[in-house]
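Spelled out, the chains give:
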Amino acid sequence: MTVARIEARFTALAREGRAAFTPYVVAGDPDAETSWRILEGLPAAGADLIELGLPFSDPMADGPAIQRGAARALAAGMTTEGVLALARRFRRGDSTTPIVLMGYYNPILNFGPTAFAAAAAEAGVDGLIMVDVPPEESAPLADALDAHDLALIRLATPTTDAARLVIIARRTRGFVYFVSVTGVTGVKEADAGAIEAQVKRARAACALPVAVGFGIKTPDRAAEVAKIADAVVVGSVLVEEISTAIALKRDPVPKILDTVAAMAHAVRSARAGG
Amino acid sequence: MPLVLALEQAYAAAKADDTFGAELAGYLTSYVGRPSPLYFASRLSAHHGARIWLKREELNHTGSHKINNCMGQILLARRMGKTRIIAETGAGQHGVATATACALFGLPCVVYMGAVDVERQAPNVLRMRLLGAEVRPVESGSATLKDAMNEALRDWVANVSDTYYLIGSAAGPHPYPAMVRDFQTIIGREARAQILEAGARLPDALVACVGGGSNAIGLFHPFLADDGVRLFGVEAAGEGMDSGHHAAALAGGRPGVLHGAHSYLLQDDDGQILEAHSISAGLDYPGIGPEHAWLRDVGRARYLTATDEEALDAFALCARLEGIVPALESAHALAKLPEVAAEVGKDGVVVLCLSGRGDKDLAAVAPRLEGRR
């Protein structure tokens, strides 16, 4: 399936006339089994696509919430193999919800890009977002992913000009990820007005769906973005729920899935509601 | 990427502009106090059995080689119209040099420093604050230099329009490793001219400590084409290479990618970055500048390691024999003089970069030196 699974999902949603709701969670946060229960529950709670974070020791593009999530996952023993095992387990029960891994390059380089692409495809992963691999350096990774029909999903930001959007679009497959703020995940709040113009620019540069993320914290904001973009990504707010649940000594799973459901509902009703 | 591409362009333009070079040279002379002396260390020479010269970077304003690069980059930041400066620091030497340059030009300055380093380098924290900089302790990760760099990168991407990130080591994304090297080659260019004037021949060996590797690459680079000059970098072996507690990315690491650079890294089997360990906060980085990785791989330079204990011995020896208290970072280079001297022989000429002075380390070193008496 792979890239085709992502394309099929976007095609189906376009027919429904709505954006995809895409939750992000860190694989293995706070531990492998709890993370599995969250992952397993996401489609029923309203996830159309899933971004599964590959935990990294030095998550430079992430704010405090996801930094803490990655640190918890690593402390509980999560590994790249462990992330793939979670994806494989998910894929046994769900053949239609795309899974995109998001993370940093060193663990992939360490695994070997070719071996990783093969293992990820075998596990039922559909695409990869690499925060710290610019197009200039991504040929080996893009080749490895192409060989297994996995999507390399590139990021564009508010500082990406029209010329660079073309470079970014060149080997991007599945969708383009538009970072709605200048900065790291989960800190600044996205401004829907500014996003609209930027999404238009991204659409002009490539024929792919445009996902928007980094800084969407409330159902209202998710709904606003859902009117403009093809996919709405929410991450830090969900990961923060785990921090809160741990502090309160509660099971994080019900709360995180409730938040996903609220966000998904907002995204689903955004265009219908006008 | 757009921000590093813009920096690359601005730096290329500045490098090609004679007025930029002249302005920098003016500040290096009148404000930094260059050229720094090349000093024949007669008692260290007698002790180790080689002709040992010290390139006295510790005599620069702010007490280390770090100011060479800061002056270059602050002038570049001004050319680029940036109005806010951020930096990372380990030992605090680069933070102090950055805070100094910012005070000189009246620019607001934020220095990210691992909380552990804030603790063990208290005098430099006070100096930075006195100079008007805001020191932000970084609690995430191992709370040392790499985490300070993560946090500075996060700040930079959030404040791209007005902020200049002044990286202090020959690490990070291009163009930083090349740019920092260029600004630090003043060390090697001066040393080359000075040793030729003093001895009418090139040295047999150069020695410098390596964390990210800025003072070493600055010393080595002008000698790269001189095949007879052996190059020795010294990494921090912490509690020993077998202990797992060290900061030697070349001796104990594998190639990887961190902070936008492809080089040797301390990492675990899964590609997670490991915490570096060294008595010297300035060498406490799990990576190494990519040019050092290249010099090692092509066999042009050799990289040795010195433990905390060896560095402490060398620290005390240099103070006693030469009346110079070196930085703990520089003491790692001094610690390998026996090996280098053995290789070049008693008539061999060695130039060692004394990259910084050790006043900042006295509080940390005193109990360890006292404890061994």
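See above for the structure.
Residues numbered from 1 in each chain as written. Chains lettered and ligands numbered in written order. Predicted model: local features only at pLDDT ≥ 70, side-chain atom pairs only at ≥ 80, totals over all residues. Heavy atoms only, no water.

Student: Any details on the overall build of chain B? Residues and values, ideally.
Tutor: Tallying secondary structure elements over chain B gives 16 helices and 12 strands in all. Relative to the compact-globule value of 21 Å for 373 residues, chain B shows a C-alpha radius of gyration of 19 Å, a close match. Reported as C-alpha extents along the three principal axes, the dimensions of chain B are approximately 55 × 45 × 40 Å. Within chain B, buried positions represent 63% of all 373 residues. A separation threshold of at least 6 residues defines the contact pool for chain B, and within that pool the share at least 24 residues apart is 73%. Carbon and sulfur atoms make up 54% of the accessible area of chain B, which totals about 13,000 Å². (Helix = DSSP H or I, 4+ residues; strand = E, 2+ residues; numbered from the N terminus. Rg over C-alpha atoms; globule rule 2.2 N^0.38 Å. Buried < 20%, exposed > 50% of the residue type's maximum accessible area, 1.4 Å probe, protein only. Contact = heavy atoms within 4.5 Å. Areas by Shrake-Rupley, 256 points an atom, 1.4 Å probe, with all protein chains shown as cover.)

Student: Mind laying out the packing of helix α5 (residues 93-105) of chain B against helix α7 (residues 122-130) of chain B, listing which residues take part and the relevant values?
Tutor: Angle between the axes and distance between the axes: these two values describe a pair of packed helices. Residues and elements named next belong to chain B. One can describe the packing of α5 onto α7 by two numbers: an axis separation of 9 Å at closest approach and a directional angle of 10°. By the angle between their directions, the pair α5 and α7 is classed as roughly parallel. Pair α5 / α7 crosses with left-handed handedness. Note on element contacts: α7 touches α5 through N124, R127 and M128, opposite Q93, G95, V96 and A99. (Axes fitted to C-alpha atoms, helices over the stretch in contact; angles between N-to-C directions. Parallel < 35°, antiparallel > 145°, perpendicular 65-115°, else oblique. Left-handed = near helix turned anticlockwise from the far one by under 90°.)

Student: Explain helix α2 (residues 32-45) of chain A to me, and be specific about the residues and the numbers.
Tutor: In an α-helix, one turn spans 3.6 residues, which is why side chains three or four residues apart end up on the same side. All names here are of chain A. With 14 residues, α2 ought to run about 20 Å at 1.5 Å a step, and its terminal C-alpha atoms sit 20 Å apart, in line with that. Along α2, the residues classified as buried are T34, S35, W36, I38, L39, G41, L42 and A45. On its buried face, α2 is in contact with β1 (20-26), β2 (50-53), α4 (80-93), α11 (236-247) and α12 (252-270). Sitting at the amino-terminal end of α2 is D31, which places a side-chain oxygen 3.1 Å from the backbone nitrogen of E33. Of the residues one or two after α2, G46 is the one with positive phi, at around 120°. (Expected span 1.5 Å × (residues − 1). Polar contact = N/O pair within 3.5 Å; in protein donor to acceptor, adjacent residues only side chain to side chain.)

Student: Let's hear about the interface of chain B and chain A: which residues, and what values?
Tutor: Between chain B and chain A, the residue contacts involve 27 residues of the former and 27 residues of the latter. Here chain B and chain A share an interface that buries about 2,000 Å² over both sides, 52% of which is from carbon and sulfur atoms. Put simply, D58 of chain A and K146 of chain B hold a salt bridge, and the shortest N to O gap is 2.9 Å. Of all the secondary structure elements, the ones that give two or more residues to the side of chain B that touches chain A are α1 (2-15), α8 (145-158), β9 (254-258) and β10 (261-265) of chain B. Considering every element that reaches the side of chain B that touches chain A, the biggest residue donor is α8 of chain B, with 8 residues. A breakdown of the residues in the side of chain B that touches chain A according to their chemical character gives 11 nonpolar, 8 polar and 8 charged. (Buried area = accessible area lost by both parts, 1.4 Å probe. Salt bridge = Lys/Arg side-chain N within 4 Å of Asp/Glu carboxyl O. Nonpolar A, V, L, I, M, F, W, Y, C, P; charged D, E, K, R; others polar.)

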